[in-house]
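An overview of the molecular structure
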Amino acid sequence: MRDMTQEEALAEAVRRWGASGTIRFRPSPPGRTHRGRLARYCCTVGNGIAGSFYSVEGQGNTWREAFADARPR
(Lines give C-alpha, C1' and ligand atoms only; values in the text may rest on other atoms or scores of the structure.)
Protein backbone atom coordinates (compact mmCIF):
# COMPACT_ATOMS: atom_id res chain seq x y z
CA MET A 1 0.00 0.00 0.00
CA ARG A 2 1.44 3.37 -0.98
CA ASP A 3 1.71 6.20 1.51
CA MET A 4 -0.37 9.37 1.37
CA THR A 5 0.80 12.59 -0.23
CA GLN A 6 0.99 15.70 1.95
CA GLU A 7 -2.29 16.93 0.43
CA GLU A 8 -4.02 13.63 1.25
CA ALA A 9 -2.60 13.68 4.78
CA LEU A 10 -3.89 17.22 5.36
CA ALA A 11 -7.32 16.23 4.02
CA GLU A 12 -7.38 13.25 6.43
CA ALA A 13 -6.37 15.45 9.38
CA VAL A 14 -9.15 17.93 8.56
CA ARG A 15 -11.62 15.04 8.17
CA ARG A 16 -10.66 13.64 11.60
CA TRP A 17 -10.29 16.82 13.62
CA GLY A 18 -11.98 19.59 11.65
CA ALA A 19 -10.36 22.89 10.73
CA SER A 20 -7.79 22.54 13.53
CA GLY A 21 -6.26 19.38 11.98
CA THR A 22 -2.55 19.82 11.27
CA ILE A 23 0.31 17.91 9.68
CA ARG A 24 4.04 18.54 9.87
CA PHE A 25 6.76 17.03 7.70
CA ARG A 26 10.38 17.24 8.84
CA PRO A 27 12.67 15.39 6.43
CA SER A 28 16.18 14.38 7.39
CA PRO A 29 18.79 17.11 6.93
CA PRO A 30 20.56 17.06 3.54
CA GLY A 31 23.31 14.46 3.39
CA ARG A 32 22.03 12.48 6.39
CA THR A 33 20.20 9.20 6.03
CA HIS A 34 19.50 8.63 9.74
CA ARG A 35 17.69 11.05 12.00
CA GLY A 36 19.36 9.88 15.23
CA ARG A 37 17.86 7.70 17.94
CA LEU A 38 16.23 10.55 19.87
CA ALA A 39 14.93 12.48 16.86
CA ARG A 40 11.20 12.78 16.31
CA TYR A 41 9.70 10.98 13.35
CA CYS A 42 9.48 12.92 10.11
CA CYS A 43 5.64 12.84 9.89
CA THR A 44 3.54 14.35 12.68
CA VAL A 45 -0.25 14.74 12.67
CA GLY A 46 -2.58 16.25 15.26
CA ASN A 47 -5.58 18.32 16.09
CA GLY A 48 -3.61 21.54 16.48
CA ILE A 49 -4.31 22.01 20.20
CA ALA A 50 -0.76 21.34 21.37
CA GLY A 51 -0.30 21.18 25.11
CA SER A 52 -3.96 21.23 26.05
CA PHE A 53 -5.81 18.43 27.83
CA TYR A 54 -7.58 17.63 24.55
CA SER A 55 -4.53 17.50 22.28
CA VAL A 56 -4.08 14.57 19.91
CA GLU A 57 -0.78 13.78 18.24
CA GLY A 58 0.64 10.93 16.18
CA GLN A 59 4.13 10.36 14.79
CA GLY A 60 5.61 8.00 12.24
CA ASN A 61 8.00 7.57 9.36
CA THR A 62 5.00 7.64 7.00
CA TRP A 63 1.70 9.52 7.13
CA ARG A 64 -0.19 6.23 7.65
CA GLU A 65 2.02 5.36 10.64
CA ALA A 66 1.42 8.81 12.11
CA PHE A 67 -2.38 8.51 11.79
CA ALA A 68 -2.25 4.99 13.28
CA ASP A 69 -0.27 6.39 16.23
CA ALA A 70 -2.59 9.38 16.79
CA ARG A 71 -4.04 9.36 20.28
CA PRO A 72 -4.64 11.86 23.09
CA ARG A 73 -1.42 13.09 24.71
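Here we summarise the structure given alongside this text. Here the structure is a predicted model, which is why all the values come from computation and not from measurement.

Analysis parameters
- Residues numbered from 1 in each chain as written.
- Predicted model: local features only at pLDDT ≥ 70, side-chain atom pairs only at ≥ 80, totals over all residues.
- Heavy atoms only, no water.
- Salt bridge = Lys/Arg side-chain N within 4 Å of Asp/Glu carboxyl O.
- Helix = DSSP H or I, 4+ residues; strand = E, 2+ residues; numbered from the N terminus.
- Buried < 20%, exposed > 50% of the residue type's maximum accessible area, 1.4 Å probe, protein only.
- Pairing = 2+ DSSP bridges.
- Contact = heavy atoms within 4.5 Å.
- Axes fitted to C-alpha atoms, helices over the stretch in contact; angles between N-to-C directions.
- Patch = residues over 30% accessible without salt bridge, like charges linked within 9 Å, V, L, I, M, F, W, Y side chains within 5 Å.
- Areas by Shrake-Rupley, 256 points an atom, 1.4 Å probe, with all protein chains shown as cover.

**Description of the pattern of salt bridges**
In total, this model carries four salt bridges according to the counting rule given. The closest approach of N and O atoms between E12 and R15, which form a salt bridge, is 2.7 Å. Highlighted residues: E12 and R15, both in helix α1 (residues 6–17), separated by three residues, approximately one helical turn. The class of R15 is exposed, set by a relative accessible area of 61%. Note that R71 and D69 form a salt bridge whose closest N and O atoms lie 2.6 Å from each other. Given the relative accessible area of 43%, R71 is considered partly exposed.

**Looking at the sheet that holds strand β2 (residues 43–46)**
Strand pairing in a sheet relies on backbone hydrogen bonds, with the paired strands running either antiparallel or parallel. On the basis of which strands lie adjacent, the open sheet formed by four strands has the order β1-β2-β3-β4 and antiparallel pairing. A single partner strand is all that each edge strand has here, and the edge strands are β1 (22–25) and β4 (71–72). Relative to β4, strand β3 (residues 56–60) runs antiparallel, the two being bridged by two bridges. Note that in β4 the partner of V56 across the bridge is P72. α1 contacts β1, β2 and β3 of the sheet and is inclined by roughly 150° relative to β1.

**Re a nonpolar patch on the surface**
Where nonpolar side chains cluster on the molecular surface, the patch consists of I49, F53 and Y54 and spans about 410 Å² of accessible area. The topology assignment puts I49 in the loop between β2 and β3. Among the residues examined, I49 registers a relative accessible area of 36% and is labelled partly exposed.

Without other data, these values stay purely geometric and don't point to any function.
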